[in-house]
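Residues per chain, in single letters:
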Amino acid sequence: MHREYHRWFSPHLQRDMEILIFGYSGARVLFFPPRIGRFYDYENWGVIEALRHPIEQGWLQVFCVDSVDRESFYCFWCHPRGRITRHLEYENYILYEALPFSRQKNSNPYLMSVGCSFGAYHAVNIALRHPQYFSKVVGMSGRYDLTFSVGVFKDLLDGYYDEDIYFNTPSHYVPNIDNGDYLESIRKLDIILVIGQEDAFLDNNRDLSEKLWNKGIWHALHIWDEEAHKARYWRKMVQLYV
């Protein structure tokens, strides 16, 4: 399998960022790592291996980006305002550095936004906020509201709320989308949400699904048996949905 490693200093994040590329052609897949994860996690966990056939056939080229979750939503020592600010800097890195880099490597216009666990939040949120860049989005085992606690998963903003948090919380802003052109761009996306029957965020996925349907946004919600928030499930999911 063709593999490339790249690293550069990000002017948006003011730090080095790393990325792994698998494959040489085909639809581009922007793959966000799981919660506080790294760009190499999916390779280490066999998720990339599960995609070997479409990658080697030249159908997919996967770009595994790094995260700054420990500096943004999981930076619990800093004020929540600083957390959302760092997230917005990360979004700019993705939009204005990682995506142009992927286009330089591969001119295929079909781009997927994909992620597992907290990576699903990143994948879904950025695609819904900037649908003009994407053709498909797949969120596996994700949460789409960071402002409430459920089980061992806490409110990531400690009760703080502002406009930027609203516009980065899909469960909050989707019901209020009324811009015609923007809404039509979202409706053109191929949206897939996948969650386990016993996952903590099952209700959150169902809630977001209902809100998408209420806005006339076609999508698929797949509910798997048991708790599917595990790499062994993600290896199967990517083969079905990516």
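Okay, so let's go over this structure. (Residues numbered from 1 in each chain as written. Predicted model: local features only at pLDDT ≥ 70, side-chain atom pairs only at ≥ 80, totals over all residues. Heavy atoms only, no water.)

Now for the packing of helix α4 (residues 80-105) against helix α5 (residues 118-129). Helix packing geometry: the angle between the two helix axes and the distance between the axes. Remark: α4 packs on α5, axes separated minimally by 12 Å, with the N-to-C direction vectors making an angle of 70°. The orientation of α4 relative to α5 falls into the category roughly perpendicular. Mapping the contact onto sequence places His-87, Leu-88, Tyr-90, Glu-91, Ile-94 and Leu-95 in α4 and Tyr-121, His-122, Asn-125, Ile-126 and Arg-129 in α5. Grouping the amino acids of the contact of α4 with α5 by side-chain chemistry returns six nonpolar, three polar and two charged. (Axes fitted to C-alpha atoms, helices over the stretch in contact; angles between N-to-C directions. Helix = DSSP H or I, 4+ residues; strand = E, 2+ residues; numbered from the N terminus. Parallel < 35°, antiparallel > 145°, perpendicular 65-115°, else oblique. Contact = heavy atoms within 4.5 Å. Nonpolar A, V, L, I, M, F, W, Y, C, P; charged D, E, K, R; others polar.)

Another aspect to go through is the pattern of salt bridges. Counted by the stated rule, this structure contains 18 salt bridges. Between Arg-3 and Glu-43 there is a salt bridge whose closest N-O contact spans 2.7 Å. Within this pair, whereas Arg-3 is found in strand β1 (residues 3-10), its partner Glu-43 is found in helix α1 (residues 41-44), the two being separated by 40 residues in sequence. Exposure remark for Glu-43: the relative accessible area of 27% places this residue in the partly exposed category. (Salt bridge = Lys/Arg side-chain N within 4 Å of Asp/Glu carboxyl O. Buried < 20%, exposed > 50% of the residue type's maximum accessible area, 1.4 Å probe, protein only.)

Turning next to the sheet that holds strand β6 (residues 136-140). If you walk across this open sheet you meet the eight strands as β1-β2-β4-β3-β5-β6-β7-β8, and the pairing is mixed. The outermost strands of the open sheet, each flanked by one partner alone, are β1 and β8 (220-224). In this sheet, neighbouring strand axes are inclined to one another by 20° on average, regardless of whether the strands run parallel or antiparallel. When β6 meets strand β7 (residues 190-196), the two strands line up parallel, connected through five bridges. Bridge pairing links Lys-136 to Asp-190 in β7. (Pairing = 2+ DSSP bridges.)

Now for the nonpolar core. Leu-30, Phe-32, Val-65, Tyr-90, Ile-94, Phe-134 and Ile-191 are the most contacted members of the largest nonpolar core, which totals 38 residues. It is α4 that contributes the most residues to this core, seven residues altogether. In this structure, Tyr-90 is in contact with Leu-13, Met-17, Phe-32, Val-65, Asp-66, Ser-67, Val-68 and His-122, ignoring residues within four places of it in sequence. (Core = buried A, V, L, I, M, F, W, Y, C linked by side-chain atoms within 4.5 Å.)

What follows is about the state of the cysteines. Taken as a whole, this structure holds zero disulfides when the rule is applied. A disulfide-free cysteine, Cys-75 has its sulfur positioned 3.2 Å from the sulfur of Cys-78, the nearest such atom. Left without a disulfide partner, Cys-116 is nearest to the cysteine sulfur of Cys-64, which lies 10 Å away. (Disulfide = S-S within 2.5 Å.)

Another point: α4. In this model α4 runs 36 Å from its N-terminal to its C-terminal C-alpha over 26 residues, within 8% of the 38 Å that 1.5 Å per residue would give. The principal kink in α4, of about 35°, is found at Ile-94. (Expected span 1.5 Å × (residues − 1). Bend = angle between axes of the 7 residues up to and from the residue.)

Moving on, we get to the packing of aromatic side chains. This model, assessed by the stated rule, comprises 20 aromatic pairs. Considering the side-chain rings of Phe-153 and Phe-201, the 5.0 Å spacing of their centres and the 55° angle between planes classify their relative orientation as tilted. Placement of Phe-153 in the loop between β6 and α6 (163-166) and of Phe-201 in the loop between β7 and α9 (202-214) is noted, with a sequence separation of 48 residues between them. Relative to Phe-167, the ring of Tyr-166 has its centre 4.7 Å away and its plane inclined at 80°; by these criteria the two rings are edge-to-face. Here Tyr-166 falls in the buried class, since its relative accessible area comes to 19%. (Phe/Tyr/Trp six-rings, centres within 6.5 Å; stacked < 30°, edge-to-face > 60°.)

With that settled, consider the environment of Pro-131. Checked against the element boundaries, Pro-131 lands in the loop between α5 and β6. Here the alpha-carbon distance between Pro-131 and Gln-197, two residues 66 residues apart in the chain, equals 29 Å. Pro-131 has contacts with Tyr-182, Ser-185, Ile-186 and Leu-189, leaving out every residue within four places of it along the chain.

Residues Glu-198, Asp-225, Glu-226 and Glu-227 make up a contiguous surface patch of negative charge. One can find Glu-198 in the loop between β7 and α9. (Patch = residues over 30% accessible without salt bridge, like charges linked within 9 Å, V, L, I, M, F, W, Y side chains within 5 Å. Areas by Shrake-Rupley, 256 points an atom, 1.4 Å probe, with all protein chains shown as cover. Lys, Arg positive; Asp, Glu negative; His and termini not counted. Charge placed at Lys NZ, Arg CZ, Asp CG, Glu CD.)

Quick look at the side chain of Asn-168 now. Its place among the elements puts Asn-168 in the loop between α6 and α7 (170-173). Excluding residues within four positions of it along the chain, Asn-168 makes contact with Ile-84, His-87, Leu-88, Glu-91, Tyr-121, Asn-125, Arg-129 and Tyr-173.

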